[in-house]
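# Commentary on secondary and tertiary structure
Read off the chains here:
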Amino acid sequence: MSKLKTKSGAKKRFKLTGTGKIKRKNAYKSHILTKKETKQKRNLTQTSYVATVDEKSVLRQLAIK
C-alpha cells in the first residue's frame, strides 16, 4: 500500500504539541478589523487547541493516525 500524503492546507494550519494536542490559530483575525473591539482582536491573537471531537479528523489530514 502506498504512503499517505499530508494535506498541504492542514500542514500550514496545525502544529502538534509535545503532549499530543493540536494547536491552531483563531479565525476572524485577517481582515475587517476596524469594526472589532481591541479586546476581541487581542484575544484572537492567542493560539488555541483543536476540539477533541475534531482531533481524529485533523490527525488523519496530517497523515499521523
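Residues numbered from 1 in each chain as written. Predicted model: local features only at pLDDT ≥ 70, side-chain atom pairs only at ≥ 80, totals over all residues. Heavy atoms only, no water.

### Describing the nonpolar core
Ala10, Phe14, Ile22, Val50, Val58, Leu59 and Leu62 form the largest nonpolar core, which has seven residues in total. When sequence neighbours within four positions are dropped, the list of residues in contact with Phe14 reads Ile22, Lys23, Arg24, Val50, Val58 and Leu62. (Core = buried A, V, L, I, M, F, W, Y, C linked by side-chain atoms within 4.5 Å. Buried < 20%, exposed > 50% of the residue type's maximum accessible area, 1.4 Å probe, protein only. Contact = heavy atoms within 4.5 Å.)

### Side note on the side chain of Ser48
Within the fold, Ser48 resides in strand S3 (residues 48-49). In terms of polar contacts, Ser48 uses its side chain to reach the side chain of Asn26, at 3.0 Å. (Helix = DSSP H or I, 4+ residues; strand = E, 2+ residues; numbered from the N terminus. Polar contact = N/O pair within 3.5 Å; in protein donor to acceptor, adjacent residues only side chain to side chain.)

### As for unusual backbone geometry
In most cases, non-glycine residues show a negative phi, while peptide bonds are predominantly trans. Despite not being glycine, Tyr28 has its phi angle at roughly 65°, a positive value. In this fold, Tyr28 is placed in the loop between strand S2 (22-24) and helix H2 (38-45). In this structure Tyr28 comes out as exposed when scored by relative accessible area, which is 64%. In this structure, Ala63 is a non-glycine residue whose phi angle is positive, near 60°.

### Quick word on the environment of Asp54
Along the polypeptide, Asp54 turns up in helix H3 (residues 52-61). In this structure Asp54 comes out as partly exposed when scored by relative accessible area, which is 41%. Here the alpha-carbon distance between Asp54 and Lys35, two residues 19 residues apart in the chain, equals 30 Å.

### Section: the environment of Lys56
Relative to the helices and strands, Lys56 is located in helix H3. Once the C-alpha coordinates of Lys56 and Glu37 are considered, the two residues, 19 residues apart in sequence, prove to be 34 Å apart.

### Observations concerning the packing of aromatic side chains
This model, assessed by the stated rule, comprises zero aromatic pairs. Residue placement shows Lys21 over the ring face of Tyr49; its charged tip is 5.1 Å from the ring centre. (Phe/Tyr/Trp six-rings, centres within 6.5 Å; stacked < 30°, edge-to-face > 60°. Lys NZ or Arg CZ within 6 Å of the ring centre and 35° of its normal.)

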